[in-house]
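Coordinate inspection notes
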Amino acid sequence: MTTKKKPKVYVTRKLPDAVETRMRELFDAELNIDDRPRTKDELIEAVRSVDVLVPTVTDRIDAEVIDEAGPQMKLIASFSNGTDHIDVEAAARRGITVTNTPNVLTEDTADMTMALILAVPRRLAEGARVLTDNPGEWAGWSPTWMLGRRIHGKRIGIVGMGRIGTAVARRAKAFGLSIHYHNRKRVNPATEDELEATYWDSLDQMLARVDIVSVNCPSTPATYHLISARRLALLQPTSYIVNTARGDVIDETALIKILREGKIAGAGLDVFENEPAVNPKLVKLANEGKVVILPHMSSATLEGRIDMGDKVIINIRTFIDGHRPPNRVLPFR
Ligand code: DGY
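Keep in mind the model is a prediction, meaning the values are calculated, not measured. (Residues numbered from 1 in each chain as written. Predicted model: local features only at pLDDT ≥ 70, side-chain atom pairs only at ≥ 80, totals over all residues. Heavy atoms only, no water.)

When cut into domains, the chain gives domain 1 (8-104 + 302-329) and domain 2 (106-293). On a C-alpha basis, the centroid separation for the pair domain 1 and domain 2 is 32 Å. The interface of domain 1 with domain 2 comprises eight residues on the first partner and six residues on the second. Taken together, both faces of the contact between domain 1 and domain 2 bury some 530 Å²; the carbon and sulfur share is 31%. Connecting domain 1 to domain 2 are one salt bridge. (Domains from an automatic or database assignment. Contact = heavy atoms within 4.5 Å. Buried area = accessible area lost by both parts, 1.4 Å probe. Salt bridge = Lys/Arg side-chain N within 4 Å of Asp/Glu carboxyl O.)

Further remarks concern the pattern of salt bridges. As enumerated under the stated definition, the model contains 22 salt bridges in all. Note that Arg246 is salt-bridged to Asp84, the shortest N-O span being 3.0 Å. In this pair, Arg246 sits in the loop between strand 10 (240-243) and helix 11 (252-260) while Asp84 sits in the loop between strand 4 (75-77) and helix 4 (88-93), placing the two residues 162 residues apart along the sequence. Glu194 serves as the salt-bridge partner of Arg170, at 2.5 Å between the closest nitrogen and oxygen. Remark: Glu194 occurs in helix 8 (residues 189-195) and Arg170 occurs in helix 7 (residues 163-174); sequence separation between them is 24 residues. Its relative accessible area of 40% is what places Arg170 among the partly exposed residues. Through salt bridges with shared partners, a single network forms among Arg260, Lys284, Glu288 and Lys290. (Helix = DSSP H or I, 4+ residues; strand = E, 2+ residues; numbered from the N terminus. Buried < 20%, exposed > 50% of the residue type's maximum accessible area, 1.4 Å probe, protein only.)

Okay, the layout of surface pockets next. In this model, the second largest pocket occupies a volume close to 210 Å³. Looking at the second largest pocket, the residues that line it are Lys4, Lys5, Lys6, Pro7, Glu25, Leu26, Phe27, Arg317, Ile320 and Asp321. Secondary-structure elements contributing two or more residues to the lining of the second largest pocket are helix 1 (17-26) and helix 13 (302-320). For the lining of the second largest pocket, a count of residues per class yields four nonpolar, no polar and six charged. (1 Å grid on protein atoms, 1.4 Å probe; cavity = no way out; pocket = protein on both sides within 12 Å on 5 of 7 lines; lining within 4 Å. Points joined across faces, edges and corners; volume = space filled by probe spheres on them. Nonpolar A, V, L, I, M, F, W, Y, C, P; charged D, E, K, R; others polar.)

Structure, rendered in structure tokens:
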């Protein structure tokens, strides 16, 4: 009996044990047990010899890396929903298929978006710090102390009404917010009815009218700084902005400026323009209670990561078996 040769799979970061074990069973998988982020040189060396690369959002798989791929490397099976870290165009030029892990992070990301939507106006992080940073200094309840702003009855404007945007809208509706959204395409009438949602084809007009903005669109060349300085200036001074999508959808420098000038009420950010670096000015604003910042953790649940791993494995197996993988990513037109 001959043993079928297993495909060589290079995994760039530590994955949950259950996923790594299954990968070792199925593939000739090189794991990253120490979870040290791989350098560009290491990525280049890997793509020269492996059959499949499994990167995550922390790896830059640009044209330089892709152009070094050996002729045997035909699949980049990303352990991620977003694919802005991969030059999908360059991969297509080299005949390399790219896949991602959509759907499985929707509910987790929407939960954390909702947590930020609550945390900023209701001063959750500030309140939590009162009891941990200066225990014993709390003088007790007072009618005018730690007042935030009410969520119920306000308007939320969702930028990007895909799977995550829609899941955020469902939660927001349950919290008594009225739903407004901007999207390239209008969602289907049944979803609009269910959410009692108002569609704005003009992003500018929506931004000027809502109390909370939630950024839920992917990072693409078209959404780079979509929330620009000019658009940020349209927001009401009492409004809040939350971003759990990608840092570069908002012009972060402009956001810091308007927060500092008090031209909006606050922000909740899980993502940043230059991750893992976080602008110290944002950290300062967080310490002053004007923003809540989280370290890109809105999709971070064990269940979600295992589901992502399952998707990666299915994509690899389907591809190796000669079929079109279920989560193929095409270049932007
Ligand atoms: C993804 O997979 O794109 C997420 O941003 C990870 O949280």
